[in-house]
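# Summary of the model geometry
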Amino acid sequence: MMKKLFIYGTMALMALTSCNDFLDKAPLDAFTNTPAYWSNTSNLDNQCNTFYNNYSGYGNGSGSGWYYFKTLSDDQVDYQSTVWTYTSVVATSTNWSDPFTEIRRANYIIEGLKIVAQKGDVEITSIGIDTWGVDFVCVGKDGGFLRQPYSYRDPHTAGAPDAFFEKVARKQVYEWTGIQVMNFNSLFQLDTLRRNGDSALAAADKLLFIPDALSYMLTGEKVTEYTIASTAQLVNAKTRKLENALLRELGLTENNFGRFVYSGEKIGTLTKEVQRMTGLGEIPVIAVAGHDTASAVASVPAMNPDFAYLSSGTWSLMGVETESPVITEETESLNFTNEGGVNGTIRLLKNICGMWLLERCRAAWGETSYPELISEANASEPFRSLINPDDALFANPADMEQAIKTYCSDSHQPVPQTRGQIVRCIFESLALRYRQVLDNLRTLSPHPIDTLHVIGGGSRNDLLNQWTADAVGIPVVAGPSEATAIGNIMIQALAAGTAKDIASMRQLINRSISLETFYPEDAEVWDTAYLHFKQVTMNY
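In what follows, the accompanying structure is described. Source: prediction; values computed, not measured. (Residues numbered from 1 in each chain as written. Predicted model: local features only at pLDDT ≥ 70, side-chain atom pairs only at ≥ 80, totals over all residues. Heavy atoms only, no water.)

## Points about the overall build of the chain
Worth spelling out the cut-off: Note on conventions: DSSP H or I runs of at least 4 residues are helices, E runs of at least 2 residues are strands, and numbering of each starts at the N terminus. For every residue, the accessible area obtained with a 1.4 Å probe (protein chains only) is divided by the maximum for its type, and the residue is called buried under 20%, exposed over 50%, and partly exposed between those limits. Between two residues, a contact is recorded if the distance between any of their heavy atoms is within 4.5 Å. Areas reported here follow the Shrake-Rupley algorithm with a probe of radius 1.4 Å; residue values treat only the protein chains shown as occluding.
The helix and strand tally for the chain stands at 22 helices and 17 strands. Across the 540 residues of the chain, 64% fall into the buried class. Pairs at least 24 residues apart make up 77% of the contacts formed inside the chain by residues separated by at least 6 positions. Of the accessible surface of the chain, which amounts to about 19000 Å², a share of 48% is contributed by carbon and sulfur atoms.

Below, the structure is given as structure tokens:
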């Protein structure tokens, strides 16, 4: 029997993947990406139910498997669940030629599609791509890429928001976009390039965000997908279109961007060249939620709207879904963001520094296993030292462990001396920061928050999940760990007409994937710790 096949590709810088390599244990959800599992048709049918029957496997030479563009996303894992790999993002763009050459050549994509084409028992339905936000490619009039993209962690945007706000008031920018001010937003990247006389930007005919650049290489169609564009701080949150007043300040117009599309729309079909190279036919490429977090949030296995989500990875993104943007003096002062979601929703959320803290420490510790680090953290004294994970000190230090020690010393706390003390400091501080952000969300959300859903690779961190439940005082439901993949596929299934709506698909995920619920404990202890956390971080 011919099986229908949806292909998803999630690409993000490997520094964004670190949460997926979080624990050396099998994932909680049923999408265990091993050759043995995916070679079993009944396993596939159980997971895909009525709306899809199979994934196609890249990096899995044994045949049936699911299709990854290898290691490249918040929610990505390698095909062997016990092998986790990541690469830290470098600080300067000069070292980016190799990774972005891979993106430009689309080697992973083409090779993966070749493998898919060789599978005789599947009918490929569509392809969908999502990536990290804000970064973009300059495309010349001849259709070629003008240079390698800058990394959002490149320091060339240091101080960029203040420079832009000399031209347009910060309050006005926020009223238009509702987007959290962060120096790496595309708005500030573009303004920096313009002020620096960047030749690629000056010569650019089109600007394509990373998922749109990849779909362009597959289809030849230049588009601007809504959810990825919303991360740029260039989209009017109310009209859900590019804000012309901001574009004018950058010397740009809407003509410098591709056709504006929304989740579920068809971008185009594979070009003749890609068809020849891969052996595939005129397969459609669908605009999924191009921002990987938007795809991940689509897969939250919630049974009702009274929830918040925490997409846990190198970044932790905590938020709620709303029908319209929430742009007030309070959201501006708290620096909350209104990013585009699927089906006309808004993701009211806060970016929080996540497992970046631990990954940078762990890299200096010689890749010590997570079980070992967690055991050491459990054996350490509770609440000995706390930090604000979002302090600028931790953005991209040369030595993360030393940065944490400096923060503790400067805030007159005991300085962590052991790895266990460092890890415990990170986890407890993250859990308490989550409580702080969730408390703010409760005042901003149009509905009550009864449950916190933790999705992404960080959902596999049982210790942090339990401490998060203890800190926030409501149940924490962990999973799926591969949320971006599932959300991407969901949107393709909706576009193909084989799924009804997001709500019913979320219910399906809830029923078919093994989730783990963590209930709050030790409320009095954590309440006391929260007061101490607020005092320490307020006075630093």
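Let's pick the thread back up.
## Here's the deal with the layout of surface pockets
To keep things clear, this is the line we draw: Within this scheme a cavity is a closed region of a 1 Å grid, computed over the protein atoms alone, that accommodates a 1.4 Å probe without allowing it to escape, whereas a pocket is open but has protein on both sides within 12 Å along at least five of seven lines; lining residues each have an atom within 4 Å of a point. Grid points are joined across faces, edges and corners, and a volume is the space filled by probe spheres set on the points. Ten residue types, Ala, Val, Leu, Ile, Met, Phe, Trp, Tyr, Cys and Pro, are classed as nonpolar, four, Asp, Glu, Lys and Arg, as charged, and the remainder, Gly among them, as polar.
In this structure, the largest pocket encloses a volume near 740 Å³. For the largest pocket, the lining is made up of 33 residues, of which Met 182, Asn 183, Trp 315, Asp 390 and Ala 395 are closest to its centre. Listed by contribution, the elements that provide at least two residues to the lining of the largest pocket are strand S14 (346–353) and helix H18 (419–444). Taken together, the residues that form the lining of the largest pocket break down as 16 nonpolar, ten polar and seven charged.

## What about the packing of helix H20 (residues 483–496) against helix H21 (residues 502–512)?
Note the threshold: Fitting a line to C-alpha atoms yields each axis, with helices limited to the stretch in contact; the angle taken between N-to-C directions then spans 0 to 180 degrees. Here roughly perpendicular refers to angles of 65 to 115 degrees, roughly parallel to angles under 35, roughly antiparallel to angles over 145, and oblique to all remaining angles. Handedness of a crossing is defined here by the sense of rotation of the near helix relative to the far one, left-handed for an anticlockwise turn of less than a right angle and right-handed for a clockwise turn.
Running from amino to carboxyl end, H20 crosses H21 at an angle of 135°, the nearest separation of the two axes being 11 Å. Between H20 and H21, the interaxial angle falls into the category oblique. Taken as a pair, H20 and H21 cross one another with a handedness that is right-handed. Residue-level contacts link Ile 486, Met 490, Ala 493 and Leu 494 of H20 to Ile 502, Met 505 and Ile 509 of H21. In the contact of H20 with H21, the residues fall into seven nonpolar, no polar and no charged.

## Describing helix H16 (residues 370–378)
How we decide: This arc corresponds to the set of directions leading from the helix axis out to the C-beta atoms.
For H16, every residue scored as buried is listed here: Tyr 370, Leu 373, Ile 374 and Ala 377. In a view along the axis of H16, the buried residues occupy a sector of 100°, so they form one face of it. Turning to H16, the residues buried within the fold contact helix H15 (356–364), H18 and helix H19 (462–472).

## Points about the packing of aromatic side chains
Let me state the cut-off plainly: Any pair of Phe, Tyr and Trp rings, taking the six-membered ring for Trp, is counted once the centres come within 6.5 Å. Such a pair is stacked with planes under 30 degrees apart, edge-to-face with planes over 60 apart, and tilted for the rest.
Within the structure shown, the criterion is met by 14 aromatic pairs. When the ring of Phe 165 is compared with that of Phe 188, the centres are 5.7 Å apart and the planes differ by 85°; the resulting orientation is edge-to-face. Placement of the pair is Phe 165 in helix H5 (residues 160–165) and Phe 188 in helix H7 (residues 186–195), with a sequence separation of 23 residues. Exposure remark for Phe 188: the relative accessible area of 0% places this residue in the buried category. Ring centres of Tyr 226 and Phe 260 lie 6.5 Å apart, and the angle between their planes is 55°; on these two criteria the pair is classed as tilted. In this pair, Tyr 226 sits in helix H10 (residues 226–230) while Phe 260 sits in strand S8 (residues 259–261), placing the two residues 34 residues apart along the sequence. Take Phe 260: its relative accessible area is 17%, and that puts it in the buried class.

## A look at the side chain of Ser 299
Following the sequence through the fold, Ser 299 ends up in the loop between helix H13 (292–298) and strand S11 (307–312). Looking at Ser 299, the relative accessible area reads 0%, which means it is buried. Among all residues touching Ser 299, those that are not within four sequence positions of it are Pro 480, Ala 483, Ile 486, Gly 487, Met 490 and Ile 509.

## Observations concerning empty space enclosed by the protein
Applying the stated criterion across every chain, the model contains eight cavities of 30 Å³ or more. Of the pockets and cavities examined, the largest cavity occupies roughly 260 Å³. Broken down by secondary-structure element, the contributors of at least two residues to the lining of the largest cavity are H13, strand S12 (315–322) and strand S13 (337–340). Looking at side-chain class alone, the lining of the largest cavity contains nine nonpolar, eight polar and three charged residues.

## Structural notes on the pattern of salt bridges
As a reminder, the rule being used: Any Lys or Arg side-chain nitrogen found within 4 Å of a carboxyl oxygen on Asp or Glu counts as a salt bridge.
All told, the structure shown has 18 salt bridges when counted by the stated rule. Across the salt bridge formed by Arg 195 and Asp 191, the nearest N and O atoms sit 3.2 Å from each other. Here the residue Arg 195 and the residue Asp 191 both occupy positions in helix H7, the gap between them amounting to four residues, near one helical turn. According to the relative accessible area criterion, Asp 191 is buried, its value standing at 1%. Notably, a salt bridge pairs Arg 442 with Asp 439, separated by 3.0 Å at the nearest N-O pair. Placement of both Arg 442 and Asp 439 in helix H18 is noted, with a separation of three residues, approximately one turn of the helix.

## Digging into the nonpolar core
Generally speaking, soluble globular proteins have nonpolar side chains that are buried together. Operational definition: Nonpolar cores were defined as sets of buried Ala, Val, Leu, Ile, Met, Phe, Trp, Tyr and Cys residues, with membership established by side-chain atoms within 4.5 Å.
Met 318, Leu 358, Ile 404, Ile 426, Phe 427, Leu 432 and Leu 441 are the most contacted members of the largest nonpolar core, which totals 60 residues. Sort the elements by how many residues they give to this core and H18 lands first, with 13 residues. Counting residues in hydrophobic clusters, the runner-up holds 42 residues, among them Ile 110, Ile 129, Val 261 and Val 297.

## Side note on the sheet that holds S12
The line we're drawing: Whether two strands pair comes down to DSSP finding at least two bridges between them.
One open sheet accounts for seven strands, arranged S13-S14-S12-S11-S15-S16-S17; its pairing is mixed. The open sheet is flanked by S13 and strand S17 (516–518), the only strands paired with a single partner. Recorded for the sheet is a direction-independent mean angle of 30° between the axes of neighbouring strands. As paired strands, S11 and strand S15 (residues 451–455) are joined by five bridges and run parallel to one another. Looking at S15, one finds that Ala 308 is bridged to Leu 452.

Everything listed here is a matter of coordinates, which is why it stays silent on function.
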